[in-house]
Structure formats: C-alpha cells, structure tokens
Amino acid sequence: LAKTTQPISMDSYEGQEVNITCSHNNIATNDYITWYQQFPSQGPRFIIQGYKTKVTNEVASLFIPADRKSSTLSLPRVSLSDTAVYYCLVGDISTGTASKLTFGTGTRLQVTL
Amino acid sequence: NAGVMQNPRHLVRRRGQEARLRCSPMKGHSHVYWYRQLPEEGLKFMVYLQKENIIDESGMPKERFSAEFPKEGPSILRIQQVVRGDSAAYFCASSPGLGNQPQHFGDGTRLSIL
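Presented here is a report on the structure given in the accompanying data block.

What follows concerns the pattern of salt bridges. Applying the stated criterion to the full structure yields five salt bridges over all chains. The partner of Arg45(A) in a salt bridge is Asp107(B), with the nearest N and O atoms 2.7 Å apart. Note that Arg45(A) is positioned in strand E4 (residues 45-50) and Asp107(B) in the loop between strand E10 (104-105) and strand E11 (109-113), a pairing that runs across two chains. Residue class for Arg45(A) comes out partly exposed when judged on its relative accessible area of 30%. The structure contains a network of salt bridges with shared partners spanning Glu18(B), Arg20(B) and Arg78(B).

In structure tokens, the structure reads:
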C-alpha cells in the first residue's frame, strides 16, 4: 500500500488557481491515483483519477510526472464553495479491492474573498 | 440518477443497544464498501461486500460488528451492544467493480451513543 503525503492545509483567494501536491514515493505499477473532495457532514465526492501524464475533466486537472512518485491536483479559479478537504488516494483498484484504498488526513483548503 | 443512499442520516443509541445502518448502492453497482470516520480524521475501511458475499472484512472489529448485502434490499451494517467509542460517521460507497472504476460515496450516517 503506497503511503501518501499531502499538505495539511492551504489557503487561497477566490479566483485563483490552486495546486495541491501529493507525494507517493512507493507507488506500484498497477496503482491508480484518485482524488476526492469532502465537505463537512457529507461523504467524499470523486473528483478525478489518473494513471500517468495529465487528466482533465470539467472541474479539475491532474498532473502526474513520468516517475509517478507525486501528483498535483489543479483547481482552476476556485470559489468559496471549493472550501473543503481534499484527499489523495493511491491504490490498485483494477480488481475492485477496496481494502487497498486508504484515506489519509487530507488537505484542508480554505478559500476566502 | 440516484446516488448512494444511506439511512438514517443521524442515529442516536444508548450504550448496550443495537445500531442498524442501511445503504442502497447506486443503480448498477454490485459492490459495497463501508468506512468509518472520526472527527478530523480520514475515512477508515471496514468491510467490502458483493451481493450475498463478504469479500474483505479486515477493517471491521471482530466483535459486535457485522455486515451483510443480501440478494434483495440494501446493505446493512449492524453494531451490537454499542459503546461510546462507536460514535462516528459511517460512510457507504459503491462501485460497479469493473476495472478501475472509482467508488462513489453516500452522505453517511452519524451515530451518537449516549
């Protein structure tokens, strides 16, 4: 199980781009990188998932360098509603085995005016 | 397009009582996972089930806790003889179990033990 390291907290102003980096030095060949967002009193929401290079969807981009030992979640032009905890997960989900997914303490993003 | 549905959202029990938490997965999902979250912490895996089968219960306490996912109906997480330390948010997630499909979570049941 690849351990992940993220900053405990980050602050940003509304309208800025926010980049949250996650380190996963022991990532295995079959591991995918998945990011979730969690608001208070709600369950985690899937944001984006990738294996290598760059993945982009309607809400975020995920940058993964060639060595895959880290990944960066990029949130363009954040708003106050993006204030949440962001979790980086690394694990082999190709077989649907849940036990290999572990949530760390995440990164608390605070967006202000 | 209903997501993962959990009920009740809040549950209060006295010490020694039983708690039953229900989870209906997303349509088309046959894999269910239960997690527990304490305040200011990340989610901790408890158990992974497919229809009528427990696949992995390595994160679930051996005593007082049980889970099932019957052929018909929701998945149930059952906690017998609850203690104060069982107070937490319990989240259920589901996935199709096909390839690298991510898990989708419900909004949890907050269990409070008096």
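Read on, since the account is not over.
For the rest of this paragraph, the subject is the packing of aromatic side chains. For any pair of aromatic rings, geometry is given as the distance between the ring centres together with the angle between the planes. Evaluation of the coordinates by the stated rule reveals ten aromatic pairs over all chains. Taking the centre distance of 5.8 Å and the plane angle of 50 degrees together, the rings of Tyr36(A) and Phe103(A) count as tilted. In this pair, Tyr36(A) sits in strand E3 (residues 32-38) while Phe103(A) sits in the loop between strand E8 (84-91) and strand E9 (107-112), placing the two residues 67 residues apart along the sequence. Since its relative accessible area comes to 2%, Tyr36(A) is described here as buried. Assessed through its relative accessible area of 3%, Phe103(A) is described here as buried. Arranged with centres 5.9 Å apart and planes meeting at 75 degrees, the rings of Tyr35(B) and Phe45(B) form a pair that is edge-to-face.

Bringing the nonpolar core into the picture now. Here is a general trend for soluble globular proteins: nonpolar side chains tend to be buried in one another's company. The biggest cluster of nonpolar side chains holds 23 residues, and the ones touching the most others in it are Trp34(B), Met46(B), Leu77(B) and Tyr90(B). Of all the secondary structure elements, the ones that give two or more residues to this core are strand E3 (19-24), strand E4 (31-37), strand E5 (43-50), strand E7 (65-68), strand E8 (75-79), strand E9 (88-95) and E11 of chain B. Setting aside its immediate chain neighbours within four residues, Leu77(B) contacts Ala19(B), Arg20(B), Leu21(B), Trp34(B), Met46(B), Met60(B), Ser66(B), Ala67(B) and Tyr90(B). Formed by 20 residues, the second largest nonpolar core is a distinct cluster that contains Trp35(A), Leu62(A), Leu75(A) and Cys88(A).

This part is about the state of the cysteines. The full count for this structure, using the stated rule, is two disulfides over all chains. The disulfide that involves Cys22(A) links it to Cys88(A), with 2.2 Å between the sulfurs. Residues Cys22(A) and Cys88(A) share a disulfide whose torsion about the S-S bond is about -80 degrees; that sign makes it left-handed. In this pair, Cys22(A) is assigned in strand E2 (residues 18-23) and Cys88(A) in strand E8, connecting sequence segments 66 residues apart. Taking relative accessible area as the criterion, Cys88(A) reaches 0% and is therefore assigned buried. For Cys23(B), the disulfide goes to Cys92(B), at an S-S distance of 1.8 Å. Looking down the S-S bond of the Cys23(B) and Cys92(B) bridge, the torsion is -55 degrees, so its handedness is left-handed. Of this pair, Cys23(B) sits in strand E3 while Cys92(B) is found in strand E9, placing the two residues 69 residues apart along the sequence. Taken individually, Cys23(B) and Cys92(B) each receive the classification buried, so the pair is uniform in this respect.

Rules used throughout
- Residues numbered from 1 in each chain as written.
- Chains lettered and ligands numbered in written order.
- Predicted model: local features only at pLDDT ≥ 70, side-chain atom pairs only at ≥ 80, totals over all residues.
- Heavy atoms only, no water.
- Salt bridge = Lys/Arg side-chain N within 4 Å of Asp/Glu carboxyl O.
- Helix = DSSP H or I, 4+ residues; strand = E, 2+ residues; numbered from the N terminus.
- Buried < 20%, exposed > 50% of the residue type's maximum accessible area, 1.4 Å probe, protein only.
- Phe/Tyr/Trp six-rings, centres within 6.5 Å; stacked < 30°, edge-to-face > 60°.
- Core = buried A, V, L, I, M, F, W, Y, C linked by side-chain atoms within 4.5 Å.
- Contact = heavy atoms within 4.5 Å.
- Disulfide = S-S within 2.5 Å.

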